[in-house]
Amino acid sequence: MIDEIRRAVGVLAPDRVVEVRALADGATHSGYFDDHERLIRAVEALDADPAVAGIYVTLNTVNPALLARRANRIKMRLSRKDATTADADILGRRWLPVDLDPVRPSGVSSTDEEHAAALDAAGRIAAYLSEQGFPEPLRADSGNGAHLLYRIDLANDEAATEVVKGALATLDALFSNDVITVDTANYNATRIWKLYGTMSRKGDSTQERPHRRAKILSVPPEVGAVPLERLQHLAELLPRDEPAPRRKGGSIDLALWLAEHGIAVRSTRPWQGGTLYVLAECPFSGAHKDGAFAIQFANNAIFAGCHHASCGGGAQRWPELRAMYEPREKRKQEAMAGAKEEKPTPPCPAPAPAEDEYRERALAILQHGDPLAFVLDTFNKTHVGDRTVAESLAMSVASRSVENTNGLHVAISGNSGKGKTHACTTMQNLIPEDSRLKGTVSDRALYYDDLRAGTVFLFDDVSLSDDLQEVLKSATTNFREPIEHRTLTTERKLRVCTIPERCVWWLAKVDDPGDDQVMNRMLTVWIDDSAEQDRRVLAHMKEREAREDGGDGEDPGLPVCRAVWRVLKEERLHVSIPYAQRVHFAATTNRRNPGILFDLIKASALLHRFQREEYDSGIRANRDDFAAAARIYAAINGEAGGQETKMTKNEAAALATVATMGWEQFTIKMLQEALGLSYHQTYRILHGYSSRGTIYSGLLEKCPAVSFFDTMVTEDVEGYAVRRREHLFSFNRTVYQHWAHGGGVWLDEAGDRDRDDDPGPCNSGRPPGRSGSTASCNIAAGLEQDSSTWCNDQTAGNGARSAGTCTDKEKHLSKY
């Protein structure tokens, strides 16, 4: 007992004044302590008194001046003039207390079954909060129920009180039932808390309802504080105000509606003047059962959702729920009956196709059309431009179904406000909902979420912790295997949690997403931040805003795209590349990049799997797949990415500026004026920087054409010669051109071994007896046809070829 009390005080109130308060029959005993050993002796005496029902301590930071009230001693039976800690005496909030109490008659201890139910509910809440980005809590047994304590760092003010109150109210609404409740009264700053190691005595101790000693179950190795934005998100997860009713006539009785449509309700309780229904099973997703709820407010407005982050995270989903259970025409008639007839009603559109009809359309595209073009065109109806970004994301999704691949993962960088997030969410919207996960989650939460194999993760502008970078390395290296995380449950039993296999990862960030090992595993793409792209986006926005229907309806191509990905996800095929031996690379210093090109070829073949030659358990990629992959590979090694060089868009622009200006030497100030950036931004481009423990390399480390040295310059200042140090950079244009254009790929002469003779960009216009046009594939790869690389033959207007000379390299390539 003494060791447990010492441990509890050390965790809950280290090196600060704490009030000890004991509640007995009709009396309160209290004292203030900054000497923990004297506290332990005093508590030991109190705990031995059978009249003491419970011993408590203050959780939050107490004004140290209060020690003088009863310094390191307990005063028995306080009188009315003896003050205890008030809210005004708290200097700051240190803990978010979550108290789970079994439902039972007042004044009695819990049964073993009730006690176990509270501990089980604490495990569910901790897993849910981990999904919401909360760190691991302190877990404890209160003697009758369960405790979760989350470290926070808030002032003691009205705003902090509201966020704590809202967070507890949300947990109460989502998890309280007829078996356990979350105590919402613990929001006040001066809350006292059970001192672990002491006895909980409610009523008499019987065999069925025994007295138990409170104890700490687990303390995380590092007690991290919950970020304020995570607390605010939890507090605002459910609507606090009544939403406006969606229609004016014929209000729905939610209880009756749920019963009529066979939706089972696990529990019902009052909420914000209305009624909250916790559903027995989630109707929105088959990946989990718990978490769904519906609310009917006093004004008859209805709100429905699911608290799982992978299933909406509390977003309003009542219209979707109605659409799942009500015929379309009935909803339309009710909406029309409740609306004012201010203008003639337009003709009703045709009913939406059934799911099998979407699948039929998807199969027709997969068998006879160009599925990649269809996906990209649907993408560009919502997101203008950024074709290379869209192609990279689409190939990433396709890679999930290739048996022999390491997966394609995408890192998108670019300046803030240029559309990185919009591009990713637009492509995610083309994927079935059960295959995507977006939003911010903690490192460990990934293991506890209800994930399926092949999930697409989007991390939007978040700093990758060391743990998350290790998860990324494991997921991208062992793409075909699940990632395991071993932990202990509250019962101290081993639990193995996993992130399933074949998941793909998308990172959208202003700067480099992480260290070099993470970057080397991903397609590195730049968002288009050009002035021309700005004009295209503005024109698209104006066009959308001018539409009378608001442009809010779902594009008819979206469900077809989702059906396309659903069909392809059902596949698991080995893809061979018959011409792999004849693929050549201009640079292979990064040994992962050739594998990325081959995976792009396989992903293209998988997208066209119904149009490719089959063999046992697999398909063969043809030259069209090389052309598509080479086009993307060239783009991400040139104007749309830094795959080989690992440069950011700003770094590439800086080097291009130096090359264009013809500088052999330059200073930061010269480059700053040419780029139009601040001195600090230009300095970071050249030297790199460090942020949150992660080091981001600059051009001095990345580019061998740039070097740096200190020099002394002399300036005339008001007739005086002033010498000062100057950072001078040198630039080698020849080295730069060789280094910056090392991402080219090409095919060697095909010969008779090619097995694909279908028409396409790489098999068109070939002479008799030849199986492919290498030149057309090289052009698709973005390689320059100058005198140093290709034949100088020129094709005349009549189709004849004029004489020219070839380099030695050309002798190994197709000559037509």
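Q: Looking at this model, I keep getting lost on the overall build of the protein. Mind explaining?
A: The number of helices and strands found in the protein is 25 helices and 33 strands. Counting only residues that meet the buried cut, the protein has 50% of its 816 residues in that class. Taking as baseline every contact in the protein between residues at least 6 positions apart, the subset at least 24 positions apart corresponds to 69%. Within the structure as shown, the protein displays about 38,100 Å² of accessible surface, and the carbon and sulfur contribution to it stands at 49%.

Q: Quick question: what am I supposed to make of the pairing of strand 5 (residues 90–102) here?
A: One face of the sheet, then the other: side chains in a regular strand alternate in exactly this way. Strand 5 sits mainly inside the fold: eleven of its 13 residues count as buried. Across two bridges, the pairing between strand 4 (residues 61–62) and strand 5 is antiparallel. Among the inter-strand pairings, V62 is bridged to a residue of strand 5, identified as I90. As paired elements, strand 5 and strand 7 (residues 146–155) share eight bridges and run antiparallel to each other. In the sheet register, G92 faces strand 7, and the bridge partner there is A155. Both strand 5 and strand 8 (residues 180–182) contribute to a ladder of three bridges, which runs antiparallel. Bridge pairing links L100 to V182 in strand 8.

Q: Would you mind showing me how to read the pattern of salt bridges here?
A: Pairing between side chains of opposite charge can happen when their charged atoms approach one another. For the coordinates displayed, the defined rule picks out 20 salt bridges. Among the ionic pairs, D599 bridges to K602, the shortest N-O distance being 3.8 Å. Residue D599 and its partner K602 are both found in helix 18 (residues 592–607); the two are separated by three residues, about one turn of the helix. Taken as a pair, D599 and K602 share a single burial class, namely buried. Put simply, D3, R6 and E37 are held in one network by salt bridges that share partners.

Q: When you look at helix 18 in this model, what are you seeing that I'm missing?
A: Residues spaced three or four apart along an α-helix point in a common direction, a consequence of the helix completing one turn every 3.6 residues. Taking 1.5 Å per residue as the helical rise, helix 18 with its 16 residues ought to reach 22 Å, and the 23 Å between its terminal C-alpha atoms agrees with that figure. Burial analysis of helix 18 places 13 of its 16 residues in the buried class, the great majority of the element.

Q: Whenever I open this one, the packing of aromatic side chains confuses me. Can you help?
A: Two numbers describe a pair of aromatic rings. These are the distance of the centres and the angle of the planes. The tally for this structure, following the rule as stated, stands at nine aromatic pairs. Measuring from centroid to centroid gives 5.4 Å for F134 and Y150, while their planes differ by 90°, and the two rings are edge-to-face. Of this pair, F134 sits in the loop between helix 3 (112–131) and strand 6 (138–141) while Y150 is found in strand 7, placing the two residues 16 residues apart along the sequence. Within the aromatic cluster, the residues linked to one another by ring pairs are W663, F666, F708 and F729. When the ring centre of Y187 is taken as reference, the NZ or CZ atom of K165 above it lies at 5.0 Å. The aromatic ring of F610 is capped on one face by R609, whose charged end is 4.5 Å from the ring centroid.

Q: Explain unusual backbone geometry here, please?
A: Most peptide bonds take the trans configuration, and most residues that are not glycine carry a negative phi. Its identity is not glycine, yet N72 carries a phi of approximately 55°, on the positive side. Turning to its location among the elements, N72 is positioned in the loop between strand 4 and strand 5. Phi at R77 takes a positive value of approximately 50°, unusual for a residue other than glycine. Mapped onto the elements, R77 comes out in the loop between strand 4 and strand 5. Accessibility expressed as a relative area gives 56% for R77, which makes it exposed.

Cut-offs and rules
Residues numbered from 1 in each chain as written. Predicted model: local features only at pLDDT ≥ 70, side-chain atom pairs only at ≥ 80, totals over all residues. Heavy atoms only, no water. Helix = DSSP H or I, 4+ residues; strand = E, 2+ residues; numbered from the N terminus. Buried < 20%, exposed > 50% of the residue type's maximum accessible area, 1.4 Å probe, protein only. Contact = heavy atoms within 4.5 Å. Areas by Shrake-Rupley, 256 points an atom, 1.4 Å probe, with all protein chains shown as cover. Pairing = 2+ DSSP bridges. Salt bridge = Lys/Arg side-chain N within 4 Å of Asp/Glu carboxyl O. Expected span 1.5 Å × (residues − 1). Phe/Tyr/Trp six-rings, centres within 6.5 Å; stacked < 30°, edge-to-face > 60°. Lys NZ or Arg CZ within 6 Å of the ring centre and 35° of its normal.

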